[in-house]
Amino acid sequence: MCFLVPLTQAVATTIYRVCTKQNDSFVGRNLKTLELMLWGGSIMLVVDHLINGELLAWNPVELLTVGLPMSLVVTAIWAVYCFAKERKLALA
């Protein structure tokens, strides 16, 4: 059930992006990328859990020990990507 954390973050990110429409800010310009990363990863994890028969195995410890760190790493990678992209645009 580790996919629930990034899936929840993906839903929240989508709702935030749709409701705010802040395309001119640093975060707004790059939010779609985070959204796609989270949705893609969540879907892959659901498929993995489905294949392994773990889709309904409720384990709250897995949410904290696997799901949360996974979401934090994806968000950190996205942040590094955004800063690199913005720096490249600034230098161009």
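Residues numbered from 1 in each chain as written. Predicted model: local features only at pLDDT ≥ 70, side-chain atom pairs only at ≥ 80, totals over all residues. Heavy atoms only, no water.

### Observations concerning the packing of helix H2 (residues 26-51) against helix H3 (residues 60-91)
- Between H2 and H3, whose axes approach to 10 Å, the crossing angle comes to 145°. Of the two possible hands of crossing, H2 and H3 adopt the one that is right-handed. Here H2 contributes Phe26, Val27, Arg29, Asn30, Leu31, Thr33, Leu34, Met37, Leu38, Leu45 and His49 to the contact with H3, which in turn contributes Glu62, Met70, Val74, Thr75, Ile77, Trp78, Tyr81, Cys82, Phe83, Lys85 and Glu86.
- Of the residues contributing to the contact of H2 with H3, the split by class is 14 nonpolar, 4 polar and 4 charged. (Axes fitted to C-alpha atoms, helices over the stretch in contact; angles between N-to-C directions. Helix = DSSP H or I, 4+ residues; strand = E, 2+ residues; numbered from the N terminus. Left-handed = near helix turned anticlockwise from the far one by under 90°. Contact = heavy atoms within 4.5 Å. Nonpolar A, V, L, I, M, F, W, Y, C, P; charged D, E, K, R; others polar.)

### Some points on helix H1 (residues 4-20)
- Counted at 1.5 Å a residue, the expected span for H1 with its 17 residues is 24 Å, and the 24 Å between its end C-alpha atoms agrees.
- Among the residues of H1, those classed as buried are Pro6, Ala10, Thr13 and Thr14. Seen end-on, H1 carries its buried residues on one side only, within an arc spanning 100°. Seen from the buried face of H1, the exposed residues on the opposite side, beyond 90 degrees, are Thr8, Ile15 and Cys19.
- The elements touched by buried residues of H1 are H2 and H3.
- Positive backbone phi, approximately 50°, marks Lys21, located one or two places after H1. (Expected span 1.5 Å × (residues − 1). Buried < 20%, exposed > 50% of the residue type's maximum accessible area, 1.4 Å probe, protein only. Arc of directions from axis to C-beta.)

### Focus: the packing of H1 against H3
- At a closest axis distance of 7 Å, the pairing of H1 and H3 adopts a crossing angle of 45°. By the angle between their axes, H1 is oblique relative to H3. Seen from H1, the contacting residues are Leu4, Val5, Pro6 and Gln9; seen from H3, they are Leu63, Gly67, Leu68, Ser71 and Thr75.
- Tallied by class, residues from the contact of H1 with H3 come to 5 nonpolar, 4 polar and no charged. (Parallel < 35°, antiparallel > 145°, perpendicular 65-115°, else oblique.)

### Some details on the nonpolar core
- Counting 6 residues, the largest nonpolar core consists of Ala10, Leu31, Leu34, Leu38, Trp78 and Cys82.
- When residues of this core are traced back to their parent elements, those giving at least two are H2 and H3.
- Looking at which element gives the most residues to this core, the answer is H2, with 3 residues.
- In contact with Leu34, not counting residues within four places along its chain, are Gln9, Thr13, Val74, Thr75 and Trp78.
- Judged by nonpolar contacts, the second largest core, of 5 residues, contains Met1, Cys2, Phe3 and Leu45. (Core = buried A, V, L, I, M, F, W, Y, C linked by side-chain atoms within 4.5 Å.)

### Details of the side chain of Ser71
- Tracing the backbone through its elements, the reader meets Ser71 in helix H3.
- The contacts of Ser71, once residues within four sequence positions are left out, are Val5, Pro6 and Gln9.

### Points about the environment of Glu54
- Among the secondary structure elements, Glu54 is positioned in the loop between H2 and H3.
- With a relative accessible area of 37%, Glu54 lands in the partly exposed category.
- In the structure, Glu54 is positioned 53 residues away from Met1 in sequence and 7.5 Å away in space, judged by C-alpha atoms.
- What Glu54 contacts, discounting residues up to four positions off in sequence, is Met1 and His49.

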